[in-house]
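Here is how the chains run, residue by residue.
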Amino acid sequence: EDALYSDHYLKGKKVLITAGPTEEAIDPVRFITNHSSGKMGYALAKMAKRAGAEVTLISGPVSLTPPFDVHKIFIHSAKELLKEVQTCYQDQDMILMAAAVADYASVKIADQKIKKRDQKMQLELIKNPDILAWLGEHKENHQILCGFAMETEHLLENAAAKCEKKHCDMLAANHLLTPGAGFQSDTNIMTLITPEGYEELPLMSKDAVAEEILKRLYRISQKSTR
Ligand code: CTP
Ligand code: CA
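What you see is a predicted model; the values in this text were computed from it and never measured.

1. Looking at the overall build of the chain
In terms of helices and strands, the chain carries 5 helices and 14 strands. Relative to its length of 226 residues, the chain is compact, with a C-alpha radius of gyration of 18 Å against a globular reference of 17 Å. Expressed as lengths along the three principal axes of its C-alpha atoms, the size of the chain is roughly 65 × 35 × 30 Å. The burial tally for the chain puts 38% of its 226 residues in the buried class. Sequence-distant contacts, at least 24 apart, represent 61% of the contacts inside the chain between residues at least 6 apart.

Given below as structure tokens:
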């Protein structure tokens, strides 16, 4: 089956990858974020580059060294990420939303550091834009869209629903509570969901998972242009 792919099977393709967490400011010294390490997205960028693609990597704050020779854009908030995605999505052949976008942002960002006061304090949050859903609504026929999801329960049902709702060609999901999978890990057990069905990959390094995902997306792109 591997004979289908040349070493540079993504040559001439433009691939956009988002990676890492977003940070949603509360005041000048505080923010809301999550445990995303960015490893999956950075592995995708490295392997897409190796396969010959022209890669754009939009990344939240992570402590990884980005691959050499890819276009790099750094963001903090979901709103900044949306803006950067909207600037470059039209040129892209494949878009992979591996970023762990914060679902909510603080309604107000205080100009000054918020002082400690009462025993209880409330923070008002507002939903962030759903970037993958936006891309699903705006994608052109030739574009391939891939989402990611981490679930702690009902993985298949939840992930398949996201895949359909956000008009993804594929959604790569993993179970956060399975050993060897998840945020900080170098390995992943991914379930790949498409409108046709699903397949669970064995435990693999994030590089190997990235290669699998990219090859499958390539195969989907070959089918849809025929
Ligand atoms: N995503 C996005 N913008 C958001 C939230 C999520 O683009 N505001 C993208 C993620 O990058 C990921 C996919 O949507 O590719 C699924 O993210 P996930 O957090 O699993 O799904 P949600 O739709 O946010 O649902 P929930 O967190 O309630 O499970
Ligand atoms: Ca979410």
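2. Side note on the site of ligand 1
Around ligand 1 sit 13 residues in total, of which Met97, Val101, Ile131, Leu132 and Ala149 are the nearest. Residue assignment for the shell around ligand 1 shows that the elements contributing at least two residues are α3 (131–138) and β9 (144–151). Top element by residues in the shell around ligand 1 is β9. It accounts for 3 residues.

3. Here we look at the sheet that holds strand β5 (residues 71–74)
Backbone hydrogen bonds hold the strands of a sheet together, and the pairing may be parallel or antiparallel. Strand order in the open sheet formed by 8 strands is β5-β4-β1-β6-β9-β10-β12-β13, and the pairing between neighbours is mixed. Looking along the sheet, the strands with just one partner apiece sit at the ends: β5 and β13 (197–200). On average, adjacent strands in this sheet sit at an angle of 15° to one another, irrespective of strand direction. Taken together, the 6 bridges between strand β1 (residues 14–19) and strand β4 (residues 54–59) define a ladder with parallel strand orientation. Bridged to threonine 18 within β4 is isoleucine 58. Each of β9, β10 (170–175), β12 (190–194) and β13 touches helix α4 (residues 155–165); the most contacted strand, β9, lies at about 150° to it.

4. Things to note about the UniProt feature "binding site: CTP" (unreviewed entry) in the chain
Cross-referencing UniProt, the feature "binding site: CTP" (unreviewed entry) maps to Asp103, Lys113, Pro129, Asp130, Ile131, Leu132, Phe148, Lys162 and Lys166 in the present numbering. The greatest C-alpha distance among the annotated residues, which extend across 64 residues, is 37.4 Å, indicating that they are dispersed rather than converging on a single site. On the secondary structure map, lysine 113 appears in the loop between β7 (104–106) and β8 (125–127). A residue is classified by how many C-beta atoms lie within 10 Å of it, and phenylalanine 148, with 26 of them, is buried. Ignoring anything within four residues of it in the chain, the contact list for phenylalanine 148 reads Met40, Met97, Ala98 and Ala172.

Thresholds, definitions, all that
Residues numbered from 1 in each chain as written. Chains lettered and ligands numbered in written order. Predicted model: local features only at pLDDT ≥ 70, side-chain atom pairs only at ≥ 80, totals over all residues. Helix = DSSP H or I, 4+ residues; strand = E, 2+ residues; numbered from the N terminus. Rg over C-alpha atoms; globule rule 2.2 N^0.38 Å. Buried ≥ 20, exposed ≤ 12 C-beta atoms within 10 Å, placed from the backbone. Contact = placed C-beta atoms within 7 Å. Near = placed C-beta within 6 Å. Pairing = 2+ DSSP bridges. Axes fitted to C-alpha atoms, helices over the stretch in contact; angles between N-to-C directions. UniProt positions renumbered as here; feature names shortened; annotations may be inferred.

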